[in-house]
Amino acid sequence: MAEDLVFMMGKFEARIPGDRLYSDNHLWLQSCDNAYRVGLTAWSVRLLQDVYFLDWDVDPDTSVRHKQEIGQIESSKAVSALYAPADGRLVAFNEQLLDDPSAINTDGYGNGWLYLLETQAPLLSPAEYVEHLEANWEKTQRLIKGQLN
């Protein structure tokens, strides 16, 4: 099994599990029954903080395009759009999150997965995802400071 990586967000650790793939829009994808379970990375959850509402703009069994808006997520920080990580078919949603999305905060790499996606698109390895985070960290810090001011 691949080793987990850590990206330091200032003094906070964002764990990057080594057993899955990643998208450039901060989602993890873990192989599951000919599809991928998709969820928010620790980086995303750290920026959003306390997710408490989730809503989808598409139905299950829908073809989606890379970076197509597919829903919204509301947290203590903001309402944010959710985008598809790759071209593919959105198979099913994690129905438990619609009633109570708190698992996104408490078990983001487990029961906090968002939906199942079938895709053949190239994805990022854990190491490539960490490189992506490092390359964009200065921009992210400016975004964080803007939210705090």
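Residues numbered from 1 in each chain as written. Predicted model: local features only at pLDDT ≥ 70, side-chain atom pairs only at ≥ 80, totals over all residues. Heavy atoms only, no water.

(A) Main features of the overall build of the protein chain. Counting its regular elements, the protein chain contains five helices and 11 strands. Relative to the 2.2 N^0.38 estimate, which gives 15 Å for 149 residues, the radius of gyration of the protein chain is 15 Å and therefore close to what a compact globule would have. Taken over the C-alpha atoms alone, the protein chain extends approximately 40 × 35 × 25 Å along its principal axes. Counting across all 149 residues of the protein chain, residues that qualify as buried make up 41%. Here the analysis covers contacts within the protein chain between residues at least 6 apart in sequence; of these, 59% occur between residues at least 24 apart. (Helix = DSSP H or I, 4+ residues; strand = E, 2+ residues; numbered from the N terminus. Rg over C-alpha atoms; globule rule 2.2 N^0.38 Å. Buried < 20%, exposed > 50% of the residue type's maximum accessible area, 1.4 Å probe, protein only. Contact = heavy atoms within 4.5 Å.)

(B) Main features of the side chain of T119. Within the secondary structure layout, T119 lies in the loop between strand 11 (115-118) and helix 4 (126-135). A distance of 2.6 Å separates a polar side-chain atom of T119 from the backbone oxygen of D87. For T119, the side chain forms a polar contact with the main-chain nitrogen of A121, separated by 3.0 Å. When residues no more than four places from it in sequence are discounted, the contact partners of T119 are Y36, A86, D87 and G88. (Polar contact = N/O pair within 3.5 Å; in protein donor to acceptor, adjacent residues only side chain to side chain.)

(C) Structural detail: the pattern of salt bridges. Summed over the entire model, instances satisfying the criterion amount to six salt bridges. D19 serves as the salt-bridge partner of R20, at 2.8 Å between the closest nitrogen and oxygen. A relative accessible area of 7% places R20 in the buried class. By relative accessible area, D19 is classed as partly exposed at 31%. Taken together, the shared-partner salt bridges connect D61, R89 and E118 into one network. (Salt bridge = Lys/Arg side-chain N within 4 Å of Asp/Glu carboxyl O.)

(D) A look at the packing of aromatic side chains. Evaluation of the coordinates by the stated rule reveals four aromatic pairs. Aromatic pair Y22 and Y129: ring centres 4.9 Å apart, planes at 10°, arrangement stacked. Taken together, the residues Y22 in strand 3 (residues 21-22) and Y129 in helix 4 connect sequence positions 107 residues apart. Exposure remark for Y129: the relative accessible area of 0% places this residue in the buried category. Centroid distance W28 to Y109: 6.0 Å. Interplanar angle 45°. Geometry classified as tilted. You can see W28 sitting in strand 4 (residues 27-32) and its partner Y109 sitting in the loop between helix 3 (103-106) and strand 11, a full 81 residues away along the chain. Accessibility assignment for this pair places W28 and Y109 in one class, buried. Site record: aromatic cluster; members linked through ring pairs are W56, F93 and Y115. Positioned above the aromatic ring of F12 is the side chain of R46, whose terminal nitrogen or guanidinium carbon lies 3.4 Å from the ring centre. (Phe/Tyr/Trp six-rings, centres within 6.5 Å; stacked < 30°, edge-to-face > 60°. Lys NZ or Arg CZ within 6 Å of the ring centre and 35° of its normal.)

Geometry only, nothing functional implied.
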